[in-house]
Structure formats: structure tokens, C-alpha cells
Amino acid sequence: MAAAAAGAAGLAGAVAVPPYLTAPPTSAPPPAPPRGRFDGKVVLITGATSGIGEATARAFAAEGAKVGFCGRRAELGRRVERDLRDAGGTARYQQADVRDPDQLRRFVDDTAAAFGRLDVAFNNAGITRTAPLHEMTLEDWTDVQHTNARGVFLSIKYEVPHMLEHGGVIICTASESRRPGGAAYTSSKQAIKGIVETAAMDYGPKGIRINAICPGTTDTALVRPASLPDAVWEAFKRAWGPLNASGTHRMASKEEIARSVVSLASAEFSYMAGSAVLVGGGPLGGGPMAMPPGFPSR
Ligand SMILES: NC(=O)c1ccc[n+]([C@@H]2O[C@H](COP(=O)([O-])OP(=O)(O)OC[C@H]3O[C@@H](n4cnc5c(N)ncnc54)[C@H](OP(=O)(O)O)[C@@H]3O)[C@@H](O)[C@H]2O)c1
């Protein structure tokens, strides 16, 4: 999709968009005012230097949580940390790469030590690489698996000891994406669902509730080409919505997905364990992303 959207940059304005695609999209309702649902709780997030993780850090902090988060890009991490503190929240950034077991273990242990406990973990760090399977390099395959699937395995492995005494909640970012060229990404995200299902049985009886969230396509750097001007990207999204998000006719915002994560972590979902919750804007099908008329496909 990224390549197609990038190619669309030169075409925007020249495209005759059919009337059924020009109906105003639904819009996300405004967020409910924070209710202090996580007052005094300690929340850890992997991959919160941008996108869904960053929005979720803000959402938890607004609900009163102390938020410890990681990511590789230190400058962005420090900026997010500063923003959260300026908004009155408690936040702590630590540079860590989830592919590196030592860095990840240190991040989890240091976060729990700095705030005195660990109540909620959102294992969200993820990347994608797309290529037909026979063209996928072993390096890219390994990078995706080690970030997405092994990263979640190691995160849970290091988080659980901090929760065994008093219980906790763990949410992992999976996906129902099934696209051509997506063998590495799809298999890594399906692996996360398997890890969550089995870990939920290991630790549910010990008071640790473990689930996965599967966001539908969400407006983040993962899907938006960096060089695309805002106006072109907005036009693309408007045309893309009715073709791909049958229940909402629009792409998700990172803030909406963040609010779903916060809700799933709250006591309102105390009976949910071992589930993979689709927050997808409609039923998701496999196959190629449907490209709006006039926009080039892959
Ligand atoms: N956007 C979508 O449509 C969509 C749909 C379904 C699922 N998801 C999943 O949602 C999660 C967040 O993605 P996003 O859409 O918000 O994209 P994003 O803005 O690119 O966020 C990805 C986050 O993961 C971090 N990350 C990547 N590799 C890492 C590593 N080795 N160690 C530590 N952190 C790492 C990145 O930080 P650094 O680069 O600073 O390390 C960044 O904070 C991913 O798991 C993605 O697969 C996204």
C-alpha cells in the first residue's frame, strides 16, 4: 500500500473519483474524559517512540498511570517522555531493542525497579517487511520474527516474574493482516496469537490476564509513506476507506486503537483471557489491499 500511495502523489487531483467513494467518512467519536482508571498503576510499553505505542503511552498517562516505555530511537523517546511529563504525567523512556534479550530484560527490570512494581505490559514493538516469499531475504525474515514474535516471547518471559505476586495484565499487538508478500509479517503476528493463547493458560490462574489486540489498518508510519504530503495522504485515505474498511469506511487513528488497549487492560475486561481482539473497522478479508480507482496498485 505504501508504494501505491507514494505513486499516487503525482496523480492526486487528476483522479475522477466515483460518487460512492465521496460520501463523508464516519469519524472517530471524541475521547471520553479520563477517569483515573490507572491511578498509581505502573504500565510498561515496548515500541512507544511513535504510532500506536506512543498514543497508548499518552492514553495510559492521562488515566493516571506511571508509564515506562522503550524503542530504539532515543531522540524520539526522549521527546515523547518530555511531552508526557509536560502534560502532567509520569513517564520514563529507556532505549532498548526488543531483538536484544539483555537490553529487553534490563528495560523490564529497570522499569519495575524505578516505579516499584509492574501492573500492565503492552508488548507492541513491531516492524514489517514485504516481498514475495522467494525474494524475502533471510535477514529480513529473521528481523521480523525476532522483533515481532521472539520480542513478545521475551517480553512476557521477563514481565511475568514481576507480576506473579500481585497479578497483572499483558496485552500484545498481533494482526489479522494476510496480504501477498506478507509471509514474514503474517506468520510473526499469528505466532503472537499462539503465544498469547498458551501463556494465558499458564498465568491466568495466577492472576495475570493475557490477551492480544489485532488493529485494522491504522494511520501510522508503518503504512504511510514518509515523503507523502498531508493533502495527498488524506485524499488517499478517504478513497481507501470504503474499499477496505467495510464497517467504518475509514482507516483507524492511533488514538482509537490506544483507547481500545486501555479499555482491554481495565477491570472492565476482567473475564477476557487468551483472546485476540479484532479492532478492525469491519470484518477483515485476506488478499491484496483494494486500491482506490486512479491510484496505482502494487
Ligand atoms: N499501523 C497498522 O496498520 C497496524 C495494524 C496492525 C498491527 N500493527 C502493529 O502495531 C504495532 C505498532 O506499529 P505502528 O503502526 O504504531 O507503527 P510505528 O509507528 O512504526 O511503531 C512501531 C514501534 O515499534 C518500535 N520498534 C520497532 N522495532 C523495534 C525494536 N527492535 N525494538 C524496540 N522497539 C521497536 C518502534 O520504535 P523504534 O523504531 O524507535 O525502535 C515504534 O515505536 C506493531 O506491532 C505493528 O505490527 C499496526
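Further up the page is the structure itself.
This structure is a prediction, so every number in the text was calculated from the model and none was measured. (Residues numbered from 1 in each chain as written. Predicted model: local features only at pLDDT ≥ 70, side-chain atom pairs only at ≥ 80, totals over all residues.)

Draft legend 1. Main features of the overall build of the chain. Across its full length, the chain holds 8 helices and 7 strands. Residues classed as buried in the chain amount to 44% of the 298 residues present. The long-range fraction of contacts in the chain, counting pairs at least 24 apart against all pairs at least 6 apart in sequence, stands at 77%. (Helix = DSSP H or I, 4+ residues; strand = E, 2+ residues; numbered from the N terminus. Buried ≥ 20, exposed ≤ 12 C-beta atoms within 10 Å, placed from the backbone. Contact = placed C-beta atoms within 7 Å.)

Draft legend 2. Representation of the pairing of strand 5 (residues 168-173). With 6 of 6 residues buried, strand 5 is to be regarded as a mostly interior element. The alternating pattern of strand 5 places Gly168, Ile170 and Cys172 and Val169, Ile171 and Thr173 on opposite faces, both of which are buried. Relative to strand 5, strand 4 (residues 120-123) runs parallel, the two being bridged by 4 bridges. From the neighbouring strand, Phe122 faces strand 5, where its bridge partner is Ile171. A crossover connection joins strand 4 to the parallel strand 5 through helix 5 (residues 138-163); in handedness this β-α-β unit is right-handed. Direction of pairing for strand 5 relative to strand 6 (residues 208-215): parallel, over a ladder of 6 bridges. Each residue of the ladder has a partner; that of Gly168, found in strand 6, is Ile208. In this fold, the crossover linking strand 5 to strand 6 by way of helix 6 (residues 183-203) has right-handed handedness. (Pairing = 2+ DSSP bridges. Right-handed = clockwise from strand over helix to strand, strands pointing away.)

Draft legend 3. Highlighting the site of the ligand. Taken together, 30 residues sit near the ligand, with Gly47, Gly51, Gly71, Arg72 and Gly126 positioned nearest. Counting residues per element, the ones that place at least two in the shell around the ligand are helix 2 (51-62) and strand 2 (66-71). Here the shell around the ligand gets 3 residues from one element, more than from any other, and that element is helix 2. (Near = placed C-beta within 6 Å.)

Draft legend 4. Structural context of the nonpolar core. In this structure, Val43, Ala57, Phe60, Val67, Ile171 and Val261 are the most contacted members of the largest nonpolar core, which totals 70 residues. Setting aside chain neighbours within four positions, we find Val67 in contact with Val43, Ile45, Ala57, Phe60, Ala61, Leu84, Gly89, Thr90 and Ala91. (Core = buried A, V, L, I, M, F, W, Y, C linked by C-beta atoms within 7 Å.)

Draft legend 5. Fine view of the sheet that holds strand 2. The parallel open sheet is built from 7 strands, whose spatial order is 3-2-1-4-5-6-7. Each having just a single partner strand, strand 3 (90-95) and strand 7 (276-279) make up the two edges of the open sheet. Pairs of neighbouring strands in the sheet enclose a mean axial angle of 20 degrees, with direction left out of account. Sitting on the sheet, helix 2 touches strand 1 (42-46), strand 2, strand 3, strand 4, strand 5 and strand 6, and the angle it makes with strand 2 is about 170 degrees. Helix 3 (residues 74-86) contacts strand 2 and strand 3 of the sheet and is inclined by roughly 175 degrees relative to strand 3. (Axes fitted to C-alpha atoms, helices over the stretch in contact; angles between N-to-C directions.)

Draft legend 6. Fine view of helix 2. For helix 2, with 12 residues, the first-to-last C-alpha span of 17 Å sits near the 16 Å given by 1.5 Å per residue. Counting buried residues along helix 2, 12 of its 12 residues qualify, which places the element largely inside the surrounding structure. Those residues of helix 2 that sit buried are Gly51, Ile52, Gly53, Glu54, Ala55, Thr56, Ala57, Arg58, Ala59, Phe60, Ala61 and Ala62. Within two residues after helix 2, Gly64 carries a phi angle of roughly 100 degrees, on the positive side. (Expected span 1.5 Å × (residues − 1).)

The analysis is restricted to geometry; functional conclusions fall outside its scope.
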